[in-house]
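# Notes for the structure review
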Amino acid sequence: MPSDATTPDLLSLFPEELEAILQKAGEPKYRAGQIFPQLHRGLSPEEMTNIGKATRNVLAAAAPYHPLSVIRKLVSALDGTVKYLFALYDGECVESVVMRYEHGLTICISSQVGCRMGCRFCASTLGGKVRDLSAGELLGQVVTAQRDLGERISNIVLMGIGEPLDNYDQVVRFIRLVSHPDGLNIGCRHISLSTCGLADRIDRLAKEGLPITLSISLHAPDDTIRDSLMPVNRRFPIHTLLESCNRYFHETGRRISFEYTLIAGQNDTEEVALKLADVLNRHLRSETETMPIHVNLIPVNTVKESGFARSGNAEIQRFARTLEAHGIRATVRRTLGADINASCGQLRRAHLSQEDPST
Ligand code: SAH
């Protein structure tokens with residue numbers, strides 16, 4: 001067997017790469033066209049009835065098959081949100097959440113095992129980053145959930161555990177795989193990527209020709225507040241980040257949305273809302289062009305270790321009204337799956353602490 005750390009897993013491969021593997025072993029390359037769609041429907045090579053043992057052996061020798069398995073599945077009695085804890089081939093685990101909207105099912109997937117960004121309000125980063133996910137493991141979350149639910153997933157948000165742009169190559173490969181017409185064919189316009197603000201990678205992403213929606217986790221209007229909440233801001237301060245956002249918009253024509261977690265007493269006053277409106281308008285609107293600006297307000301989910309509390313409803317509404325009054329669309333994120341603790345990072349942490357009381 002090849003070494004797992006260096007050999008891409010089967011679900012990470014493009015049809016051309018499968019073709020090359022098959023051809024090298026003397027197998028007809030059209031088999032790639034049979035294998036790729038079945039892998040993306042969640043079938044293992046063993047389950048594929050139209051390929052023989054010889055082909056299976058060729059695949060097994062070239063690329064390990066690493067299906068995800070469901071460790072836990074929680075279904076919300078309130079709104080049908082489904083939360084999965086998936087085991088990876090090496091015993092690590094990640095979470096995904098499937099949400100039901102009028103326009104279909106949206107899955108929120110993880111991009112890394114843990115996270116090294118250190119945002120102070122976030123549960124996913126508490127134990128640091130363990131490892132990156134492969135493109136196949138990113139895809140595996142969509143494939144496994146879809147097969148388990150027996151319903152088509154139509155939208156993807158990269159907003160679970162991890163920082164997607166800190167796992168850049170695998171994430172870009174995943175987006176190309178999941179939008180492939182012979183696979184799940186989920187178009188880039190149905191994919192959103194949320195980032196804490198790695199500005200250099202945003203510039204790179206702008207040139208990939210992938211019309212996905214970018215979401216920026218901003219959470220603060222100035223560097224003093226943002227430095228105190230998000231260590232990444234010391235590397236890429238707000239000005240640098242918003243300039244990258246501007247370039248992304250001009251390069252791709254895709255609107256960018258902003259996530260803003262409201263934390264009582266930290267970033268939720270009217271003065272802060274005014275500052276936020278000002279900084280966004282100043283950086284992202286010029287006289288000749290208007291980039292539509294949308295801020296998603298998210299009442300912070302209390303994470304025991306952070307000590308942060310959510311803002312009151314009056315503060316949340318006031319914050320939204322102030323932004324709107326200054327030309328910025330603001331919506332308060334609806335809470336889904338409240339009864340199953342659906343926000344990211346928390347199920348994995350609970351699972352780890354059961355296994356090892358020292359964590
Ligand atoms: N690393 C990426 C994606 C994962 S986090 C990013 O930073 O965007 C997904 C979103 O949840 C981010 O906007 C993040 O800031 C937010 N988030 C993290 N912990 C939260 C909490 N306790 N309450 C509310 N939102 C939180």
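Cut-offs and rules
- Residues numbered from 1 in each chain as written.
- Predicted model: local features only at pLDDT ≥ 70, side-chain atom pairs only at ≥ 80, totals over all residues.
- Heavy atoms only, no water.
- Pairing = 2+ DSSP bridges.
- Helix = DSSP H or I, 4+ residues; strand = E, 2+ residues; numbered from the N terminus.
- Near = heavy atom within 4 Å.
- Polar contact = N/O pair within 3.5 Å; in protein donor to acceptor, adjacent residues only side chain to side chain.
- Areas by Shrake-Rupley, 256 points an atom, 1.4 Å probe, with all protein chains shown as cover.
- Contact = heavy atoms within 4.5 Å.
- Axes fitted to C-alpha atoms, helices over the stretch in contact; angles between N-to-C directions.
- Core = buried A, V, L, I, M, F, W, Y, C linked by side-chain atoms within 4.5 Å.
- Buried < 20%, exposed > 50% of the residue type's maximum accessible area, 1.4 Å probe, protein only.
- Domains from an automatic or database assignment.
- Phe/Tyr/Trp six-rings, centres within 6.5 Å; stacked < 30°, edge-to-face > 60°.
- Disulfide = S-S within 2.5 Å.
- Right-handed = clockwise from strand over helix to strand, strands pointing away.

When strand E1 (residues 69-75) meets strand E2 (residues 82-87), the two strands line up antiparallel, connected through 6 bridges. Residue pairing for E2: Leu74 is matched across the bridge by Lys83.

What follows concerns the site of the ligand. As a structural note, the neighbourhood of the ligand is formed by 17 residues, with Phe121, Ser194, Ser217, His219 and Asn301 the closest of them. Between the ligand and the protein, one listed contact pairs an oxygen atom with a backbone N or O atom of Thr195 at 3.3 Å. Protein burial of the ligand: of its 530 Å² of free accessible surface, 91% is covered by the chains.

Within the element layout of this structure, Arg131 appears in strand E6 (residues 129-132). A polar contact of 2.7 Å, which involves the side chain of Arg131, links it to the side chain of Asp90. Beyond its immediate chain neighbours, meaning those up to four positions away, Arg131 contacts Leu88, Tyr89, Asp90, Glu92, Gln112, Val113 and Glu137.

Moving on to the sheet that holds strand E8 (residues 191-195). Read from one edge of the open sheet, 10 strands run E1-E2-E3-E4-E7-E8-E9-E10-E11-E12, paired in mixed fashion. Among the strands making up the open sheet, the edge pair consists of E1 and strand E12 (329-332). Going from strand to strand, the sheet's axes swing by 25 degrees on average, the running direction of each strand aside. Packed onto the sheet, helix H9 (residues 238-252) meets strand E9 (213-217) and strand E10 (256-262) and runs at close to 145 degrees relative to E10.

To continue, consider the nonpolar core. With 103 residues, the main nonpolar core has Phe174, Ile175, Phe258 and Leu280 as its most contacted residues. The residue makeup of this core includes at least three contributed by each of domain 1 (10-62) and domain 2 (69-353). Residues within four places of Ile175 in sequence aside, it is in contact with Leu158, Cys188, Ile191, Leu193, Leu210 and Ile212.

Its place among the elements puts Ala87 in strand E2. The residues touching Ala87, leaving out its near neighbours within four places in the chain, are Pro67, Leu68, Ser69, Ile71, Glu92 and Cys93.

Taken as a whole and judged by the stated rule, the model has 2 aromatic pairs. Between Tyr260 and Phe319 the ring centres are 5.0 Å apart and the planes differ by 35 degrees, which places this aromatic pair in the tilted class. Placement of Tyr260 in strand E10 and of Phe319 in helix H11 (residues 313-325) is noted, with a sequence separation of 59 residues between them. You can call Tyr260 buried: its relative accessible area is 0%. In this structure Phe319 comes out as buried when scored by relative accessible area, which is 1%.

We now examine the state of the cysteines. The final tally for this structure, using the stated rule, is 0 disulfides. Here Cys188 is not disulfide-linked; the sulfur of Cys108 is the nearest cysteine sulfur, at 18 Å. Since its relative accessible area comes to 10%, Cys188 is described here as buried. There is no disulfide at Cys196, and the cysteine sulfur nearest it, in Cys119, is 5.3 Å away.

What follows covers the environment of Arg254. With respect to the secondary-structure elements, Arg254 resides in the loop between H9 and E10. According to the relative accessible area criterion, Arg254 is buried, its value standing at 15%. Along the chain, Arg254 and Ala206 lie 48 residues apart, while their C-alpha atoms are 9.7 Å from each other. Ignoring anything within four residues of it in the chain, the contact list for Arg254 reads Arg189, Pro211, Ile212, Thr213, Tyr248 and Phe249. Of note is the side chain of Arg254, whose polar atom sits 3.0 Å from the side chain of Thr213.

Turning to the pairing of E8, a few remarks are in order. Counting buried positions along E8 yields 5 of 5 residues, so the element is predominantly enclosed. As paired elements, strand E7 (residues 153-158) and E8 share 3 bridges and run parallel to each other. Among the inter-strand pairings, Ile156 is bridged to a residue of E8, identified as Ile191. Traced from E7 through helix H5 (residues 168-178) to E8, the parallel crossover comes out right-handed. Considered for its hand, the β-α-β crossover made up of E8, helix H6 (residues 199-206) and E9 is right-handed.

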